[in-house]
Amino acid sequence: MAKSRASFICQNCGAVAPRWQGRCDACGAWNSIAEESLASGIGAQAAQGAAKGRVFSLSGLDTETESLPRLTSGISEFDRVTGGGFVPGSVLLLGGEPGIGKSTLLIQVCAALARQKRRVVYISGEEAVDQVRLRAQRLDLAQSAVELAAETKVEDIIATLHEGRCPALLIIDSIQTMWTQAAEAVPGTVTQVRAAAQALIRYAKTTGATVILIGHVTKDGQIAGPRVVEHMVDAVISFEGEGGRDFRILRALKNRFGPTDEIGLFEMTGRGLSEVANPSALFLSGRDLEAPGTAVFAGIEGTRPLLVEIQALAAPSSLPTPRRATVGFEPNRLAMIIAVLEARAGLRLGQHDIYLNVAGGLKVNEPAADLAAAAALVSSLTGHSLPKGSVFFGEIGLSGQIRPVAHSLPRLKEAAKLGFSRAMIPASAQEADDSPKTSDKNPKIADKNKDVNSEPLTDIRSHICGDVASLVAAIAAPARRDARRDP
Ligand code: TYD
Ligand code: MG
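What comes next concerns the included structure. As the structure is a prediction and not an experimental result, all values here were calculated from the model. (Residues numbered from 1 in each chain as written. Chains lettered and ligands numbered in written order. Predicted model: local features only at pLDDT ≥ 70, side-chain atom pairs only at ≥ 80, totals over all residues. Heavy atoms only, no water.)

Description of the packing of helix 9 (residues 331-345) against helix 10 (residues 370-382)
The N-to-C vectors of helix 9 and helix 10 enclose an angle of 60°; their axes lie 10 Å apart at closest approach. Relative to helix 10, helix 9 is oriented oblique. Crossing hand, helix 9 versus helix 10: right-handed. Contacts from Arg 333, Leu 334, Met 336, Ile 337, Ile 338 and Leu 341 in helix 9 reach Asp 370, Ala 373, Ala 374, Leu 377 and Val 378 in helix 10. Its residues assigned to classes, the contact of helix 9 with helix 10 shows nine nonpolar, no polar and two charged. (Axes fitted to C-alpha atoms, helices over the stretch in contact; angles between N-to-C directions. Helix = DSSP H or I, 4+ residues; strand = E, 2+ residues; numbered from the N terminus. Parallel < 35°, antiparallel > 145°, perpendicular 65-115°, else oblique. Left-handed = near helix turned anticlockwise from the far one by under 90°. Contact = heavy atoms within 4.5 Å. Nonpolar A, V, L, I, M, F, W, Y, C, P; charged D, E, K, R; others polar.)

Quick look at the structure:
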């Protein structure tokens, strides 16, 4: 007979430890290691040959599959992030800080689906039914046919749902408050959260209902509780926003049924969340064109262009090691931009504290933002404001060269739409050809840039910026450049 072996498994990350220990070496969680018997786990019986399994048929990759039917809420910023609506039987995890508006968003989604005569159930483990109802009244949704309950025991919830018509959408607010009698731990513990999520996922897969689990977020932005829940669900969506600001960003971190680079934009108003129709205008609304240190980046978020304001501050430092801090921008990219400006354009930044901020709480991940960040930085350092009505995009290479980026045309079109008249952009693909450093292996990108430079957009005057030295020269001598460009 096979010997029954025990092993010690972290209930947070699933790492296996050789013996019990207070802290998991892999994820750093305390008291998360539990003893599990391997002989009783999944697949143990097959390994022992004790029981025969059911024989099933295998199919090939070429078998026809119907395209997945989607359930759209009609809230287009929400549907965009889910990849075009909910897939029946899928499970989504929505994470976000307390008070960001998760419950508000989902009650609005529920009401939108209820309007389409779908059965929608909202289970709140945190608030009493009256509180949820009050919120709905505030949102003017009190008349919608959403079914509410305040429950925390998963078995009761599933039994109740099996009674009537299968719901199209089930909201669990929040997964951390749920518990199942199948697990012995206290509610809120990792084991309970995982077991409750497992039961709800099984419910979704067997009935075809879409389930949204709301998850709390810890201080460092991680969804609290077991990371394994993130692996178990089909999509992980985070709802973010900046304290004090009213707009909120919905972002897919993982999506088995759609892209993960789309964002949805909302504004929190006195009557719930409203969709943001013109995101670029929103992120630029507070801009002060005259101020040095501000550059407008023509970016792409997912499939849509978005203008974002990048602010930099370079101030003389009294510290032995000057401070470098960023909000919404990759710190390593800032370090690289600083190094390139020092090495290739002769700027001295070693005695300056440098701060870089992406206005509006947005996170910019594109390398195309390099040029805008560098322009803002040079502008702050020299005290010269950037030319009025300019947008910037381009990737900075270590050689100091500004490299072409994809989707130039939509970026310029968005800028023109919002009344910008100039753009500082990378040299065309042909001009960059003589340098072996150019990233233009992709013919699509090269073509796009060719288009931009050969067929000028009537409303936008493109100023081609070849390297960081010419960027610095253009910013440091605005009078000369303006005299040349505006006779
Ligand atoms: P809530 O959805 O309860 O947040 P979460 O579920 O993520 O914890 O939202 C709470 C905040 O939203 C609260 O501070 C009040 C604000 N709010 C509005 O500004 N307008 C509204 O119409 C509603 C319903 C809430
Ligand atoms: Mg809530």
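So much for the structure itself; the text now carries on.
Topic: the packing of aromatic side chains
In this structure the tally under the stated criterion is two aromatic pairs. With a centroid separation of 5.7 Å and an interplanar angle of 65°, the aromatic rings of Phe 78 and Phe 86 are classed as edge-to-face. A relative accessible area of 2% places Phe 78 in the buried class. Seen in terms of ring centroids, Phe 239 and Phe 266 are 6.1 Å apart; in terms of plane orientation they differ by 80°. Their pairing is edge-to-face. Of the two residues, Phe 239 sits in strand 9 (residues 235-241) while Phe 266 sits in strand 11 (residues 263-269), which places them 27 residues apart along the sequence. The residues Phe 239 and Phe 266 share a single accessibility class, namely buried. (Phe/Tyr/Trp six-rings, centres within 6.5 Å; stacked < 30°, edge-to-face > 60°. Buried < 20%, exposed > 50% of the residue type's maximum accessible area, 1.4 Å probe, protein only.)

Concerning the side chain of Glu 309
As for its placement among the helices and strands, Glu 309 is situated in strand 14 (residues 304-316). Its relative accessible area of 4% is what places Glu 309 among the buried residues. Side-chain polar atoms of Glu 309 contact the side chain of Gln 311, separated by 2.8 Å. (Polar contact = N/O pair within 3.5 Å; in protein donor to acceptor, adjacent residues only side chain to side chain.)

Details of the site of ligand 1
The environment of ligand 1 is formed by 16 residues, the closest being Gly 99, Ser 103, Thr 104, Thr 269 and Gly 272. In the environment of ligand 1, an oxygen atom lies 2.8 Å from a nitrogen or oxygen atom belonging to the side chain of Arg 135. Gly 272 places a main-chain nitrogen or oxygen 2.6 Å from an oxygen atom of ligand 1. About the coverage of ligand 1: the protein hides 73% of its 560 Å² of free accessible area. Going through the elements one at a time, helix 3 (102-115), helix 4 (129-138) and strand 11 are the ones with two or more residues in the shell around ligand 1. For the shell around ligand 1, the element with the most residues is helix 3, which contributes three residues. Taken together, the residues that form the shell around ligand 1 break down as four nonpolar, seven polar and five charged. (Near = heavy atom within 4 Å. Areas by Shrake-Rupley, 256 points an atom, 1.4 Å probe, with all protein chains shown as cover.)

Observations concerning helix 5 (residues 154-163)
When helix 5 is considered as a whole, its buried residues turn out to be Val 154, Ile 157, Ile 158 and Leu 161. Taken end-on, helix 5 shows its buried residues confined to a sector of 95°, consistent with a single buried face. Residues of helix 5 that are exposed and point more than 90 degrees away from the buried face comprise Thr 160 and Glu 163. Contacts from the buried residues of helix 5 go to strand 5 (120-124), strand 7 (169-173) and helix 6 (190-207). (Arc of directions from axis to C-beta.)

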